[in-house]
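# Commentary on secondary and tertiary structure
Spelled out from the first residue to the last, the chains are:
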Amino acid sequence: MISEHRISVGGIGTSYCENGSGEPIVCLHGAGPFTEGKTSFLRQLSGLSDQFRVIAVDQLQCGGTDYPADRKYVNRLGRVDHVIGFIESLGLKQITLVGHSEGSFVAARVAIVRPDLVSRLVLLTSNSVSPPFGDDRDEAWMQASLQSYDYSGPMPSEVEFMALWKGARPWGKDLEDAKREAYRRSAARGQWEIFQNLPEEETNQRLYVALQQRYIFPYLNQLQAQTLIIWSKNDPTVTPDQGFKLAKLIKNSDFHLLKNAGHSPHVDQSEAVNRLIRQWQG
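This section reports on the structure supplied with the text. (Residues numbered from 1 in each chain as written. Predicted model: local features only at pLDDT ≥ 70, side-chain atom pairs only at ≥ 80, totals over all residues. Heavy atoms only, no water.)

## Digging into unusual backbone geometry
The phi dihedral of Phe34 falls on the positive side, at around 75°, and the residue is not glycine. Inspection of the secondary structure assignment puts Phe34 in the loop between strand 3 (23-28) and helix 1 (37-47). On the accessibility criterion, Phe34 (6% relative accessible area) is buried. The residue Gln61 is not glycine, and still its phi comes out positive at about 60°. Counting through the fold element by element, Gln61 comes out in the loop between strand 4 (52-57) and helix 2 (80-89). The class for Gln61 is buried, based on a relative accessible area of 0%. (Helix = DSSP H or I, 4+ residues; strand = E, 2+ residues; numbered from the N terminus. Buried < 20%, exposed > 50% of the residue type's maximum accessible area, 1.4 Å probe, protein only.)

Take a look at the structure:
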């Protein structure tokens, strides 16, 4: 059964969920309004818990974890130390660290700077850690990203949010309920306003890639953690070829491309993702 907890990480009230026992798998969600650990990784919390201790943490300014006192956005690099502190607070070492979207950047950076904490790394579809092409091919995914991550308008109502998220897909009542809880928590805490005031380096895609170019790519050839890369074929914000390029930069990596999966392969193709993680863990 999924249990919810709250601990202090360097004085920051931090919320997380966990389920199961065994080797620990720590999951890091992406960024955006209404995003948190449980909703992002519900299918892993329930689907892998028979074999592993699965933990999904709410990163800074997300879910039930404390928001910055000044209400200013904390970027993906700024979330790294908090995640390191969280892992240490639980007394974990040599974990499997899973990151999705911006969580992939955080996971990769943690594995780079603290190899004692991470023995295995799973990166799920993410343009926050993947290489741009450096030519006209970047225009399509950059435009798709601008449209997908546009917070300039008013916050959607709960009905609008659920309709947009669900579409025609039968996700199941458990995930729908978790999404509603995440929406209400975010709305009550004013999260939308934080994302409405993002700095330019978060909204200009040509500036956005600077963090991975500086803090990720130069160190991938030194990465000690075995790495599993699971990519979506149908995400317009990040292409399969970017995933292939990332895999080539990591010598100790396995790459899998999933069909019929959008930005969240661990949700869209949860059984396939869980199966790949199980097989890879051996």
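Moving on from the model shown.
## Re the sheet that holds strand 3
In space, the eight strands of this open sheet follow the order 1-2-4-3-5-6-7-8, with mixed pairing throughout. At either end of the open sheet lies a strand with only one pairing partner, and these are strand 1 (3-9) and strand 8 (253-258). Strand after strand, the sheet turns through a mean of 20° between neighbouring axes, direction not considered. Sheet topology note: the strand 7 (residues 226-232)/strand 8 ladder contains six bridges and is parallel. Residue pairing for strand 8: Ile229 is matched across the bridge by Phe255. Against the sheet, helix 2 makes contact with strand 1, strand 2 (12-19), strand 3, strand 4 and strand 5 (95-100), and its axis sits at roughly 110° relative to strand 1, the strand it touches most. (Pairing = 2+ DSSP bridges. Axes fitted to C-alpha atoms, helices over the stretch in contact; angles between N-to-C directions. Contact = heavy atoms within 4.5 Å.)

## A look at the packing of aromatic side chains
One pass over the full model with this rule turns up 10 aromatic pairs. With centroids separated by 4.7 Å and ring planes inclined at 50°, the aromatic side chains of Phe34 and Phe161 adopt a geometry described as tilted. Here Phe34, found in the loop between strand 3 and helix 1, pairs with Phe161, found in helix 5 (residues 158-166); they are 127 residues apart in sequence, far enough to count as distant. Of the two residues, Phe34 and Phe161, neither departs from the other in class, the shared state being buried. Ring pairs connect the aromatic residues Phe34, Tyr73, Tyr151, Phe161, Tyr183, Trp192 and Phe195, which therefore count as one cluster. (Phe/Tyr/Trp six-rings, centres within 6.5 Å; stacked < 30°, edge-to-face > 60°.)

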